[in-house]
Amino acid sequence: MTSVIEKRGVVRTDSARTIQRQEAQRSAEIAWTEMGHGVWVAKRGSDFAGLIEELWGAGYRVTDRTGAIVGEFATLQSARRRIE
């Protein structure tokens, strides 16, 4: 069910708020930088968002923005999804 709020001839719905949230999320997308062979840094805007380290032959370790290890993953793509 979609609620509608009218004020001075402007109609605003829940779906309009959803679109605004999606636009805000896009502006805060993750940017990846390969810092060296096997090390990637994630940033959201100017904020550190996480780190991926390649575990040679054993996958990829993900560290979150606080420095806590959040897991090890088989592929770089799955490691990136953990941060995004």
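Our subject is the structure listed above.
Residues numbered from 1 in each chain as written. Predicted model: local features only at pLDDT ≥ 70, side-chain atom pairs only at ≥ 80, totals over all residues. Heavy atoms only, no water.

Colleague: What is the right way to look at the sheet that holds strand 6 (residues 59-64) in this model?
Modeller: Strands belonging to one sheet form pairs held by backbone hydrogen bonds; the direction of such a pair is parallel or antiparallel. Across the sheet, which stays open at both edges, the five strands sit in the order 3-4-5-6-7 with antiparallel pairing between neighbours. Where the open sheet ends on each side, the last strands, each with one partner, are strand 3 (30-36) and strand 7 (69-73). Averaged over all neighbouring strand pairs, the angle between strand axes comes to 20 degrees, with direction disregarded. The pairing of strand 6 with strand 7 spans four bridges and is classified as antiparallel. Its bridge partner lying in strand 7, Arg61 is registered against Glu72. (Pairing = 2+ DSSP bridges. Helix = DSSP H or I, 4+ residues; strand = E, 2+ residues; numbered from the N terminus. Axes fitted to C-alpha atoms, helices over the stretch in contact; angles between N-to-C directions.)

Colleague: Please explain the environment of Ala68 as it appears in this structure.
Modeller: With respect to the helices and strands, the residue Ala68 is situated in the loop between strand 6 and strand 7. Judged by its relative accessible area of 35%, Ala68 is partly exposed. Separated by 18 residues in the primary sequence, Ala68 and Gly50 have C-alpha atoms spaced 9.2 Å apart. For Ala68, the residues in contact, after removing those within four places along its chain, are Val62 and Thr63. (Buried < 20%, exposed > 50% of the residue type's maximum accessible area, 1.4 Å probe, protein only. Contact = heavy atoms within 4.5 Å.)

Colleague: What's the story with the side chain of Thr63 in this structure? I'm lost.
Modeller: Structurally, Thr63 can be placed in strand 6. For Thr63, a relative accessible area of 8% translates into the label buried.

Colleague: Sorry if this is basic, but what is going on with the pairing of strand 5 (residues 47-55) here?
Modeller: Within a regular strand, the side chains alternate between the two sheet faces. Relative to strand 5, strand 4 (residues 39-44) is paired through six bridges, and the arrangement is antiparallel. Bridged to Trp40 within strand 5 is Ile52. The hairpin turn running from strand 4 into strand 5, its antiparallel successor, is two residues long, and Gly45 in that turn takes a positive phi close to 65 degrees. Bridge analysis of strand 5 against strand 6 gives six bridges, and the strand direction is antiparallel. Counterpart to Leu55 in the pairing with strand 6 is Gly59. Between strand 5 and strand 6, which pair antiparallel one after the other, the connecting turn spans three residues, and Gly57 there sits at a positive phi close to 80 degrees.

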